[in-house]
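# Architecture at a glance
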Amino acid sequence: MTKRVFLLTVVLSLAALPRIAGAQATGSPMKIGMVGAGRESGALGALFVKAGHPVMFSSRNPENLKSLVAGLGPLAQAGTVAEAIAFGDVVLIVIPYAAMEQIGQAHAGALAQKVLVMDVSNPIARRDGEDFVKSVGAQGGPGLMTAKFLPGARVVRAFNAIGAGRLAELAQRAGNPVGVPIAGDDSQAIAVAQSLIREIGFEPVLVGGLDKGKYLVPGTPLAGEHTPAEIRQIAGGLQ
Ligand SMILES: NC(=O)c1ccc[n+]([C@@H]2O[C@H](COP(=O)([O-])OP(=O)(O)OC[C@H]3O[C@@H](n4cnc5c(N)ncnc54)[C@H](OP(=O)(O)O)[C@@H]3O)[C@@H](O)[C@H]2O)c1
């Protein structure tokens, strides 16, 4: 590729992003691809469908998702992981964190084209292994590791430590929204994440860059259900 063609490609790619973010700002539907269709993915995807967004859930065995999508109506569908990533303007990754590297190896190129990749996944010792969790911590924690596994992707961590079973009840809490701490480095991706989070009835609170993603895991002070003001206060005390 010549330097001129390269520069033109960069300019055209950047020009496309605000249009997608702008469409969301007007409340128009965004296609959402879900990598994973387990407890947290099912609960979040249901909220996006309720807000009017087409959602494709994915599994390595998508035929197992028939009852999930049938229960959510015509905006929900099921596919393979590759199909869900291709489908989404926005992609949520909601899988055991130990599988993130493999997702990157297979799909990093496609994920780098998305306006937002929301990382909802966490390294958890009892599921992913003590050594794996230590190695993620030694490399800066989830957030920085996700960016490493998915080079070029516009990653924002969100919803990492609000239980799947609580999401539907907590969404749209009148007058007193539940806060969702988020962490990311890309301002456009952060804006899209904030918009989507508000649409499904929560208040996003940016706690910092992806280096702060390590604080967005279960068992840390930001985990669980907090008001936006509480999140700001807790986040203010983090290093
Ligand atoms: N559950 C919660 O309350 C909660 C809350 C916040 C964050 N989280 C985080 O969300 C993530 C998922 O948790 P969960 O409770 O929803 O788990 P889950 O119910 O066990 O679902 C896991 C999902 O990951 C998929 N998956 C596993 N390995 C995969 C791979 N190699 N490639 C593609 N997909 C793969 C599974 O799909 P297959 O059908 O292909 O097996 C399944 O849909 C975890 O990192 C967890 O820490 C969970």
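Analysis parameters
- Residues numbered from 1 in each chain as written.
- Predicted model: local features only at pLDDT ≥ 70, side-chain atom pairs only at ≥ 80, totals over all residues.
- Heavy atoms only, no water.
- Core = buried A, V, L, I, M, F, W, Y, C linked by side-chain atoms within 4.5 Å.
- Buried < 20%, exposed > 50% of the residue type's maximum accessible area, 1.4 Å probe, protein only.
- Helix = DSSP H or I, 4+ residues; strand = E, 2+ residues; numbered from the N terminus.
- Contact = heavy atoms within 4.5 Å.
- Pairing = 2+ DSSP bridges.
- Right-handed = clockwise from strand over helix to strand, strands pointing away.
- Arc of directions from axis to C-beta.
- Polar contact = N/O pair within 3.5 Å; in protein donor to acceptor, adjacent residues only side chain to side chain.
- Phe/Tyr/Trp six-rings, centres within 6.5 Å; stacked < 30°, edge-to-face > 60°.
- Axes fitted to C-alpha atoms, helices over the stretch in contact; angles between N-to-C directions.

### A short note on the nonpolar core
- Counting 38 residues, the largest nonpolar core has Leu 44, Leu 92, Leu 116, Met 118, Phe 159 and Phe 202 as its most contacted members.
- Considering each element in turn, this core owes the most residues, six residues, to helix H10 (residues 187–199).
- Leu 92 has contacts with Ile 32, Gly 33, Met 34, Val 35, Leu 44, Phe 48, Met 118 and Val 120, leaving out every residue within four places of it along the chain.
- Counting 18 residues, the second largest nonpolar core, distinct from the first, contains Ile 85, Tyr 97, Met 100 and Ala 153.

### With respect to the pairing of strand E4 (residues 90–93)
- With burial as the criterion, each face of E4 is covered, one bearing Val 90 and Leu 92 and the other bearing Val 91 and Ile 93.
- Where strand E1 (residues 32–35) lies against E4, four bridges are found, and the strand directions are parallel. Following the sheet pairing, Ile 32 is matched in E4 by Val 90.
- In the classification by handedness, the crossover that spans E4, the intervening helix H5 (residues 100–111) and the parallel strand E5 (residues 116–119) is right-handed.

### So, helix H11 (residues 228–236)
- For H11, the complete set of buried residues consists of Pro 228, Ile 231 and Ala 235. Seen from one end, H11 has its buried residues packed into an arc of 55°, which puts them on one side. In H11, those exposed residues whose orientation departs by more than 90 degrees from the buried face are Ala 229, Gln 233 and Gly 236.
- Tucked into the core, H11 has its buried residues touching strand E7 (179–184) and strand E8 (203–208).

### Focus: the environment of Asp 186
- By the element assignment, Asp 186 lies in the loop between E7 and H10.
- Taking the relative accessible area as the measure of exposure, Asp 186 reaches 22% and is therefore partly exposed.
- Separated by 3.0 Å, the side chain of Asp 186 and the backbone nitrogen of Gln 188 make a polar contact.

### Regarding the packing of aromatic side chains
- Applying the stated criterion across every chain, the model contains three aromatic pairs.
- Where Tyr 97 meets Phe 132, the ring centres are 6.2 Å apart and the plane angle is 50°; that geometry is what we call tilted. In this pair, Tyr 97 sits in the loop between E4 and H5 while Phe 132 sits in helix H7 (residues 130–138), placing the two residues 35 residues apart along the sequence.
- Among the residues examined, Tyr 97 registers a relative accessible area of 0% and is labelled buried.

### Concerning the sheet that holds strand E6 (residues 155–157)
- In spatial order, the strands read E3-E2-E1-E4-E5-E6-E7-E8; together these eight strands make up an open sheet with mixed pairing. Looking at the sheet topology across the chains shown, the edges are occupied by strand E3 (76–79) and E8. This sheet shows a mean twist of 25° between the axes of neighbouring strands, independent of strand direction.
- Note: E7 against E8, five bridges, orientation parallel. Directly across from Ile 182, in E8, lies its bridge partner Leu 206.
- Along the sheet, H5 contacts E1, E4 and E5; its crossing angle with E4, the most-contacted strand, is approximately 175°.

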